[in-house]
Structures are given as structure tokens and as C-alpha cells.
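# Commentary on secondary and tertiary structure
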Amino acid sequence: MTKSKLTRNVRKFTDSKFSWIINVMSCSTLYALSANIITLGIILPDFIHHFQVSQSKLGMLGSVKLAIFDLGSGLLGGPLTQKYGCRVIAMSGLMLAAMGTLAASFVDDYLWLMVTFSIIPGFGLAGVFIPSSVIVHQYHNKRRALASSATSAGLGLATFTFPVIMSLAIAKLGWRFALVMLAAIEMQMVAAAMMFMPNPDLRVKATQTPIQQEDLEDQEPTKPVEGKNQKHKCNLDISLLKNPAFLLFIAAFALAGNAGSVYLSFAIHRGIFQGIDRIQASIIMVVFGSCSTGGRIGAGVLGNMQCTKNNSLSAACVFGTGIVTCVSLIAGDSLALHSVFAGLVGLLSGGFQGLYSTLLVDLVGLKQLPRAMGLVQMIKCLVTAVSLPIAGHLFDSTQNYEATYLLSGVTLIFSAGLLVLSGLINRRLSKELDEFN
């Protein structure tokens, strides 16, 4: 096969109109994932009233779900995605999450709520995140940063629309019906995951690690490796942990992601606690979600420019998020101030989250992306397991959210410093490698 003919084949699906259809489908599955994650923050007052337990115990619901989601993504999501492909894993994950959420609508015991609301959906969501991200990078090359950020806008879109929808459903029909509605949304998104077919341009089976599009123009298609070597490729590659820039990125993402989750999980209840009407308090999440969507798309546009350093842009977003989180302590009972601060946090944190997978590609390459995302999620779960319970305990001890949000802000600022160090080390290593070659 000639090089020109191979190039034409590569461009048939990659960076085509069909690749943007894949983006829309991936955005839809991430919408369902985000809607499930933020549900605790919306339904928290009803859980407090119905189950009569402390906020620290209810915070465990979110921490357990996120910990299982992160750990499952690392141990199962990444390897299974490489072995069976994005489509099967994403569909299975959405159906499992829907089953758990539906079962949670029938329980009256806290322990069964933990199983159905947190554990089962946590495992299900672990099969959604990595396939939804990897499939986009497989279909995009020229505008990878923009495509990745636009897809992650589904996460922000859920926080923009779902809090109001769920709050109205709870007000009219109760929290049990709201969970049934969430399960229905997750089942509907299974149809979107059915579109996650392997990119035919890659010329490999779903069991093969995705390869970079640039390499396809210079070599003939290769067949999948059979036997023991192929089986070895389906395991987690801990050699990535020898990269100091990647290690710093893992620490930064874990700390920043969980500090941001604390802000999001308690945003509505903090507003209600400080005197804002419940329905009006849902506006806080609407503003957060709309600005997060804009931040993700905006970061993708900036990150796609050759003059932009994605690592510096991400560090600036995380640093700004930390500052705004600390300053948000002055919001008081003002819905306007709560909304302004939530909007700024959404804009800045959305920019960082939108560039997440692109930063990983810059650090480890496209071949290692599923493994790298899996390792990041595994390390993140260690922080997730304690973040929300600590936040809830701080509230129970002080009867206000000042210590909780101050700690989150300081953590975000520290994470920004780690991102800067990661970028500096990665540039130094890349320069040494160029000089060596």
C-alpha cells in the first residue's frame, strides 16, 4: 500500500464529520456520569431528613462512590477498555449504574443506601469515564485539545441543567422519583455508547492499544500481537510511575479534583444553611455548570493554539480556583455572591478538567493514555476516600463551612504549584531527549 493511499485511509474517519458525532455521543455519556456524581449534593437535605444521620456519614456516600469510581477506573476501566474496546465497557457501565440508582430509590436503611447509591453505581461509572475520553482521542488528531474539551463539556452541562431538574422533581414527587428519573437518563445514554466503535483508520482490533495518527502515515498497518505479549498489554503498566512529571501530575490532579468536589458537593447545602431558599439555591449549581461548560470549551480553544502551553494554562486555572474558593467565604446569605463565586469556580475548574486528558497525552503519549488515566484514577481514589468525610466532619465540629472551604482553597493553590513543577520537569526531559536524538 502506498503512502498516499494510506494517508487517504487515515483521513477517512479521523478528523472527519463522523468524529464530531463521536464527540456528541461521548458528551452524552459523560452527562449521565456527572449527573450521577452530583446527585448527592442535590439530594443531601432529603437524605438528612429521611435517614437521620450526620453529614459526615452522608459524606461517606459520596466518598465511597468516588473512591470506587476512581479505583475501578484504574484496575478495570483502563485494562478492559484496551481488551474489549470502548463500546462494550461504556454500555455495561451505564447499565450497571442505572440498576444501582434504581435500587436506591426503594431503600430505607443507610447500609443498603451505601450499597445501591454508592457501591454499585461507582463500579458502573468506572466503565464510562475512560472509554468516553479515549474514543475521542482515537478519532481526533489535528484538533485534539478542542475535541477533548468540548466532549468534557458534558460534565459541565450536567451541573448546569440537572440540579434544577432534580430539585423540581424532588419538590413535586419526592427524592425516590428523582432517583428513578436519574436511572432512566443513564439507560437512555446506553444508546449513545453504542456509537463507540473502534476507529477503522487505526487498522487494529479493539484489543490493541490506540496508536498515534502521525505514525500511521509513515508505516504499514500492523496486526495485533497474539499470545502472551498481547495479554501483557492489557495489564497496568507501572513503568509510567518512573516519570517524575507524571507523578507530580497525579498528585496535583488528585488533590485539585477532590478539593473541587468538596466545593461542588456542599455548594447547595451551604447556601441553604446560610439562609437561601432551596429552589433558589439550585441556581448556584446552574451557574456553576453553565460556566464550567464555557470554561471547558474556552480552554480547548486556547489549548489548540500553538502559542499556548497547556500545563501553564491548567496551573493558572487551578490557582485561580483556589483563590476564589477561599474568597467565597464572604458570600453569606447573598444568592448573587454565591452564584458569582460558583460561576468563577466553574469557569476555572472547567478549564482544568477540559485539558486533563490532553495534558496526559503530552506527558505519556497517546499509546499510554488508557493506562495513564487508569493510574491517575487509582491514586485519586486514595484522596477521595477521605476528602468528603473530612469536609463533613469539619462542618459537624464547627457548625459552619468556613474551615471546609478554606482547606479546599489552600489545597487547590498547592496543587497549582505541583502542576507547574510537572510542566517544568516534562519540558526538561523532552529537551534532553531531543538533544540525545
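The numbering scheme is per chain: residues are counted from 1 as the chain's sequence reads. Per-residue local features of the predicted model are confined to residues with pLDDT of at least 70, and side-chain atom pairs are confined, for both listing and counting, to 80 or more; whole-chain, interface and lining totals are unaffected and use all residues. To obtain the side-chain values, all non-hydrogen atoms of the structure were included, while hydrogens and water were left out.

- You'll find the protein entered in an unreviewed UniProt entry as Major facilitator superfamily (MFS) profile domain-containing protein, with Capitella teleta given as the organism.
- UniProt positions are given in the numbering used here, feature names are shortened, and annotations may be inferred rather than shown by experiment. According to UniProt, the comment filed for the protein under the heading Subcellular location (unreviewed entry) is "Membrane".

### A short note on the nonpolar core
- As used here, the term nonpolar core means buried Ala, Val, Leu, Ile, Met, Phe, Trp, Tyr and Cys residues forming a set that is joined through side-chain atoms within 4.5 Å. The buried label applies to any residue whose accessible area, calculated with a 1.4 Å probe on protein chains only, is under 20% of its type's maximum; exposed applies above 50%, and partly exposed to all values in between. If you look at the biggest cluster of nonpolar residues, it comprises 111 residues, and the most contacted ones within it are F47, L61, F162, M166, F246, F249 and L360.
- All the domain ranges listed were derived from an automatic or database domain assignment. Built from parts of two domains, this core gets at least three residues from each of domain 1 (14-201) and domain 2 (236-436).

### Here we look at the confidence of the model for the protein
- As a per-residue measure, pLDDT tells how confident the predictor is, with possible values from 0 to 100. Averaged over all residues, the pLDDT of the protein equals 79, while 86% of them reach at least 70.
- Per-residue pLDDT stays below 50 along residues 1-10; that stretch engages in 14 contacts with residues further than four places along the chain or on separate chains.
- Throughout, a residue-residue contact means that at least one pair of heavy atoms, one from each residue, lies within 4.5 Å. pLDDT under 50 marks residues 204-236. Its contacts with residues more than four places away, or in other chains, come to 65 contacts.

### Side note on helix α12 (residues 244-273)
- Runs of H or I in DSSP of at least four residues are treated as helices and runs of E of at least two as strands, each being numbered from the N terminus. The span one expects for a helix is its residue count, reduced by one, times 1.5 Å. Taking 1.5 Å per residue, 30 residues should reach 44 Å; α12 reaches 43 Å between its end C-alpha atoms and fits that length.
- Here a polar contact is taken to be a pair of N or O atoms separated by no more than 3.5 Å, where protein atoms must pair a possible hydrogen donor with a possible acceptor and residues adjacent in sequence count only if both atoms sit in side chains. You can read the cap of α12 off the contacts: a side-chain oxygen lies 3.0 Å from the backbone nitrogen of A245, and it is on N243.
- Downstream of α12 by one or two residues, G275 has phi in the positive range, about 110 degrees.

### With respect to the environment of N258
- Mapping N258 onto the fold places it in helix α12.
- Take N258: its relative accessible area is 2%, and that puts it in the buried class.
- With 192 residues separating them along the chain, N258 and L66 place their C-alpha atoms 9.3 Å apart.

### Points about the packing of aromatic side chains
- Planes of paired rings set the category: under 30 degrees apart is stacked, over 60 is edge-to-face and the rest tilted, where pairs are Phe, Tyr or Trp rings (Trp by its six-membered ring) whose centres lie within 6.5 Å. Evaluation of the coordinates by the stated rule reveals 14 aromatic pairs.
- Note on F69 and F129: the rings are 6.0 Å apart at their centroids and 70 degrees apart in plane angle, and the pair reads as edge-to-face. Highlighted residues: F69 in helix α3 (residues 55-84) and F129 in helix α6 (residues 129-139), separated in sequence by 60 residues.
- Relative accessible area serves as the criterion here: at 7%, F69 is assigned to the buried category.
- Judged by centre distance (5.8 Å) and plane angle (50 degrees), the ring pair of F266 and Y401 falls under tilted. Of this pair, F266 sits in helix α12 while Y401 sits in the loop between α17 (369-398) and α18 (402-436), placing them 135 residues apart in sequence.
- For F266, a relative accessible area of 4% puts it in the buried group.
- Note that K65 overlies the ring of F117, its terminal NZ or CZ placed 3.9 Å from the centroid.
- Here, over-ring charges are defined by two tests on the NZ atom of lysine or the CZ atom of arginine: distance to the ring centre within 6 Å, and angle to the ring normal within 35 degrees. In this structure, R270 packs its charged tip against the face of Y405, placed 3.9 Å from the ring centre.

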